[in-house]
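The chain contents come next:
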Amino acid sequence: MRLLLRWKLVLVIMLVLVVGIIFIRKEQQHAPTVVLTPISADVGVNQMGYAPSAVKFAYTTLSVQQFSLVQLLDGQTVFTGTPKMSRLDESTGKEVYVLDFSSYKKSGTYQIRLPNGMASAPFQISPRVYEAVYKQAMRSYELQRCGVAIDDPLTHVQHAECHINPAVLFTDKSQSRDVVGGWHDAGDFGKYMSNAGVTVAQLLLLQELAPQTAEDGVLDLSQPASDDPDALAVIRVELDWMLKMQRQDGAVYHSVATAKFPGMILPQDDLATQYIYDISTPDTAIFAAAMARASRAYQPYDESYSQRLLDASMKAWSFLTKTKEILSLGDKQAYRPSSDRDKRVWAAAELYVTTGHPVFRDYVEQHIEELELNPARIVPSYWQNTSSMAILTLALGAQEEWELASELRQRLIQHADMVVNKMNHSPYGSPLQPADYDWGSTRTTLGYGLHLAAANQINPQPYYPHAISRQLDWVLGANPLAQSFVTGIGISSPMQPHNRYTVASGVLIPGLLVGGPNTYTNDKIAPKKLGPHSYVDDSRSYATNENAIDYNAALVVVAGYLNEWHQRREQTWFSRLFQFQ
């Protein structure tokens, strides 16, 4: 046994030495000149790339008999395949062909090439490809901080401190309040409670779905907020702002914004009066839910902060128990939920999982019908509809013996299988239906990926992670437009997002997910009624090309989950090979 152990140690040491020598030699070599074949919008591929063990599909509407996978390092063809008929793309009337190269697993930089001289954007095959997406998307929140100066050496995002004056209460302009901090919500500089709460709660889901990534992911923060893991340090910035938005009686204000959207100016030049728009019960319920979840997340790292968050949640809940529905009065403000009923259930669900107190369990049981429970009609949560967040919370966090939680787990699994079935009947492997090409279609497709990740935690199936990765593929270029919808990722990615900082400075904030195709094109800039083709990379197109913090939350969770899932598979293989007795 000791002899076997010694030999295994020797093998491990030799392997490490060999890998080290190869790495050093590669670093010493001069990179050859790479000549790209002309890139065609008719070949859609994930422009960041694929993990070696992931399914790897590209798509084309060109009728060809063969495709090649070419390694750009030396121009060699490393794989050839035959396109397979997928389905008719009803938005264009064209047949779609799948280019499947899943069996090829060697790391490198590649391009799909067709016999007619057309080719895809370049992409990588790498075990770290999802980690790169996760870090860039998560780090983007650090670059959207409000109230502080930004000077980031990695991205060259730079501006002076902004919005540092107290804001005026809209309903009583004789009063003001310090609400400095948080993140700019989207392409504008407003800050909105309902969107903030849903965003924070979704980001914190990563601790349940991919805890190692959430804890160990190093984001190279220029101004860390605390000694928390980097992801929690970033999220704490928003939580601290949210705490400032709570009244003494527990109610929570709706938003902080100027009376009108500013022009395309730098944040420090936005000097108009900022108003605090009045409280609402949907905002208060979303706040209570997010704070209760955050209390669980920070408890292992900062008990006093965790308790502060829970106290704020309980205070908000106390206000809700003695207050009937109050909707936001700011009719010109964004993110105004039309009901608080599903949000109250979500708040009770989070408080029950955090505290275990039966009063919250009783509330959930008595009001469960306020949620959308039909597996066929469950949709990804956003500020207007938080049903699925309540379902995910109870399915992942509630006690096993609770009959209601067990039923919700079964419904979630049924829903996940329906999502996979929709994907299998889609030419590009997307679950999006025609009505889904609305505001934030990219968020919607990744939101379904988030549901699949939760289902895979409850009932692991090999097809769930592959289905999740195809949603990220779609967002990063494996779509009808061959367009990546994330700034800084891919050759064909948004260069002119509807983002005031970028337009004013000329500097892109990398890692921002834009809304994507919107068939209704409310801005009258993008082409209308074309489903997945209703998109344009134009800074005027706020309906298709604007970023938002809630869009990025789904991107962060999906990329982080895929990173951990694939890393775990690689580690499991390695540990089996060198398993010590």
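The present account deals with the structure reproduced in this document. (Residues numbered from 1 in each chain as written. Predicted model: local features only at pLDDT ≥ 70, side-chain atom pairs only at ≥ 80, totals over all residues. Heavy atoms only, no water.)

1. Points about unusual backbone geometry
Glycine aside, the phi torsion of most residues is negative, and most peptide linkages are trans. The test is simple: Secondary structure counts use DSSP, requiring at least four H or I residues in a row for a helix and at least two E residues in a row for a strand, with both numbered from the N terminus. Relative accessibility thresholds used throughout: buried, under 20% of the residue-type maximum; exposed, over 50%; partly exposed, between the two (1.4 Å probe, protein chains only).
In the Ramachandran plot, D220 falls in the positive-phi region, its phi being about 55° despite a non-glycine side chain. Turning to its location among the elements, D220 is positioned in the loop between helix 5 (211-216) and helix 6 (230-244). One non-glycine residue with positive phi stands out, namely K524, at about 65°. As for its placement among the helices and strands, K524 is situated in the loop between helix 15 (500-505) and helix 16 (549-577). On the accessibility criterion, K524 (77% relative accessible area) is exposed.

2. Describing empty space enclosed by the protein
Put simply, the rule is: In the cavity and pocket records, a cavity denotes points on a 1 Å grid over the protein atoms alone where a 1.4 Å probe fits but cannot get out, a pocket denotes an open set with protein on both sides within 12 Å along at least 5 of 7 lines, and lining residues are residues with an atom within 4 Å of a point. Grid points are joined across faces, edges and corners, and a volume is the space filled by probe spheres set on the points. Gly falls in the polar group here, along with every residue not listed as nonpolar (Ala, Val, Leu, Ile, Met, Phe, Trp, Tyr, Cys, Pro) or charged (Asp, Glu, Lys, Arg).
Taken as a whole, this structure holds four cavities of 30 Å³ or more when the rule is applied. Counted as a void, the largest cavity has a volume near 100 Å³. Lining the largest cavity are 14 residues, and of these H184, F189, N499, Y501 and I509 lie nearest its centre. Its residues placed into classes, the lining of the largest cavity shows seven nonpolar, five polar and two charged. Looking at the second largest cavity, the residues that line it are Y134, M138, L203, L204, L206, Q207, A214, A231, L232 and I235. Contributions of two or more residues to the lining of the second largest cavity are made by helix 2 (129-139), helix 3 (193-204), helix 4 (206-209) and helix 6. Here the residues of the lining of the second largest cavity sort into nine nonpolar, one polar and no charged.

3. So, helix 9 (residues 341-355)
As a reminder, the rule being used: In this scheme, a helix's expected span is set at 1.5 Å multiplied by one less than its residue total. Between two residues, a contact is recorded if the distance between any of their heavy atoms is within 4.5 Å.
In this model helix 9 runs 21 Å from its N-terminal to its C-terminal C-alpha over 15 residues, within 8% of the 21 Å that 1.5 Å per residue would give. Where the residues of helix 9 are buried, they touch helix 3, helix 7 (281-298), helix 8 (303-321), helix 10 (358-367) and helix 11 (387-397).

4. Some details on the layout of surface pockets
Where empty space is left can be seen by rolling a probe of water-molecule size over the atoms. The calculated volume of the largest pocket comes to roughly 800 Å³. Forming the walls of the largest pocket are 29 residues, and the residues nearest its centre are Y335, W383, W439, R443 and Y551. At the level of secondary structure, the elements contributing two or more residues to the lining of the largest pocket comprise helix 13 (441-458) and helix 16. Top element by residues in the lining of the largest pocket is helix 13. It accounts for three residues. For the lining of the largest pocket, a count of residues per class yields 15 nonpolar, four polar and 10 charged.

5. Looking at the sheet that holds strand 9 (residues 123-125)
The criterion, for reference: Two strands make a pair as long as DSSP finds a minimum of two bridges between them.
Strand order in the open sheet made by the five strands is 2-9-8-4-5, with mixed pairing throughout. Looking at strand neighbours, the two that pair on one side only are strand 2 (49-50) and strand 5 (76-81), the edges of this open sheet. Here strand 2 runs beside strand 9; their pairing, made up of two bridges, is parallel. Bridged to Y50 within strand 9 is I125.

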